[in-house]
Amino acid sequence: MNAYYLSCSRFGHPSEVLQLHNKPLEQPGPGELLVRMISSPINPSDLIPIQGAYAHRVALPMIPGYEGVGKVVEAGRNVSVSMLGRRVLPLRGEGTWQDYVRVPAELAVPVPDTISDDTASQLYINPVTAWLLCQQYLADTEGDFVLINAAGSSIGRIFAQLSQVFGFRVIAAVRNDLHTEALLLKGAEYVINTSATSLHEAVMDITKGRGAGFGIDSIGGTAAEELASCISFGGIVVSVGLLSGIPVDWIRLARTTGIRPAMYWLRHWVEKAEVQEWHKPIVCIMELVHKGLLQLDAPGARFAITDFQQAIAAATAPGQSGKTVFAW
């Protein structure tokens, strides 16, 4: 039996360097599970490495795809057959943009029946990043203002909801009003459309001239500099993404604005996390979903992996609503 997978052997635009391949299905080794994929999203964090932004730490060729959900179809030696037929998150095995993924059984995260495939497929990259960041930086900031740019993004909407769990107050910066109502409903206290209003003036007005005590930057470039100018002296700005593709000179910004910059890379936590530590935040996030305290958006479009060109085009189109996913 053969299986499809996507890979790239050089860096470049995903639509140009991704290739569809077919290979014989490999059986799970000792301690492994073989997972038939159900759904795998296309995230900016999947596309940016393909374009070469992190070339120094990406080995080629690679199979992209950091998250998704699938069903266990085979169990290797020394693995309980009770896992057969169960849905799991196969997140620390091979890339998820393929029909079947092999994953160490102890690292596969079981998905309860109360969580849909659509939600389960999105439980890793953005929710875990936001949850860990809140635990590390925002657990003791109840009542403090947190300024978030790209707030209409998936992770921005997650931070808005987690503000209700951790008690901080969100000022959400967006470039249009498409997500304003949703952000306010999800927990943001203020939403600023930066195409119509000066972010600095609005934040200073809201905070009575003090600035926000904490900032979360997902964009980089001039947007990061604009956000940093709105943070109070000594406040922390955490970089969690680079949607603009433009790096930031955080050392210079620290000198000119008095902020304390910090980089947050999920992969650093993953590399150090032991098995129980790995499962814990995902289980906590599942509990929030079960209680209705965290909702993830439904996918915007679904494509077969064989239609990857159309999928990439949909995922990178401006104004998309909901994640584009590979679906099986």
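Below or above, wherever it landed, is the structure these notes cover. Not measured: the values here are computed from a predicted model.

1. As for the pattern of salt bridges
Phase 1 of the analysis: This structure, assessed with the given rule, holds 11 salt bridges.
Phase 2 of the analysis: As a salt-bridge pair, Arg-169 and Glu-189 come within 2.7 Å of each other at their nearest N and O atoms. Here Arg-169 is found in strand β9 (residues 169-174), whereas its partner Glu-189 is found in the loop between α6 (180-186) and β10 (190-193), with 20 residues between them in sequence.
Phase 3 of the analysis: Here Arg-267 makes a salt bridge to Glu-271, at a shortest N to O gap of 3.5 Å. Remark: Glu-271 and Arg-267 occur in helix α10 (residues 266-272); sequence separation between them is 4 residues, near one turn of the helix.
Phase 4 of the analysis: In the salt-bridge network here, residues are joined through shared partners; they are Glu-26, Glu-32, Glu-94 and Arg-102.

2. Observations concerning the packing of aromatic side chains
Phase 1 of the analysis: Applying the stated criterion to the full structure yields 6 aromatic pairs.
Phase 2 of the analysis: Summarising the aromatic geometry, the rings of Tyr-124 and Trp-278 are spaced 5.5 Å apart at their centres and angled 75° between planes, so their arrangement reads as edge-to-face. Pair noted here: Tyr-124 is in the loop between α3 (117-120) and α4 (125-138) and Trp-278 is in helix α11 (residues 275-290), with a separation of 154 residues, a long-range link. Neither residue differs from the other here; Tyr-124 and Trp-278 are each classed as buried.

3. Some words on the pairing of strand β4 (residues 69-75)
Phase 1 of the analysis: Looking at chain direction, strand β3 (residues 32-41) and β4 are connected through 6 bridges and run antiparallel. What sits directly across from Val-35, in β4, is Val-72.
Phase 2 of the analysis: Two strands pair when backbone bridges link them, and β4 and strand β5 (residues 87-89) are joined in this way by 2 bridges, in the antiparallel orientation. Within β5, the residue paired with Lys-71 across the bridge is Arg-87.

4. Some points on the environment of Val-146
Phase 1 of the analysis: Tracing the sequence through the fold places Val-146 in strand β8 (residues 145-148).
Phase 2 of the analysis: When the C-alpha positions of Val-146 and Ala-188 are compared, they lie 9.7 Å apart, and in sequence the two are 42 residues distant.
Phase 3 of the analysis: Excluding residues that lie within four positions of it along the chain, Val-146 makes contacts with Leu-138, Phe-168, Arg-169, Val-170, Ile-171, Phe-214 and Ile-216.

Rules used throughout
Residues numbered from 1 in each chain as written. Predicted model: local features only at pLDDT ≥ 70, side-chain atom pairs only at ≥ 80, totals over all residues. Heavy atoms only, no water. Salt bridge = Lys/Arg side-chain N within 4 Å of Asp/Glu carboxyl O. Helix = DSSP H or I, 4+ residues; strand = E, 2+ residues; numbered from the N terminus. Phe/Tyr/Trp six-rings, centres within 6.5 Å; stacked < 30°, edge-to-face > 60°. Buried < 20%, exposed > 50% of the residue type's maximum accessible area, 1.4 Å probe, protein only. Pairing = 2+ DSSP bridges. Contact = heavy atoms within 4.5 Å.

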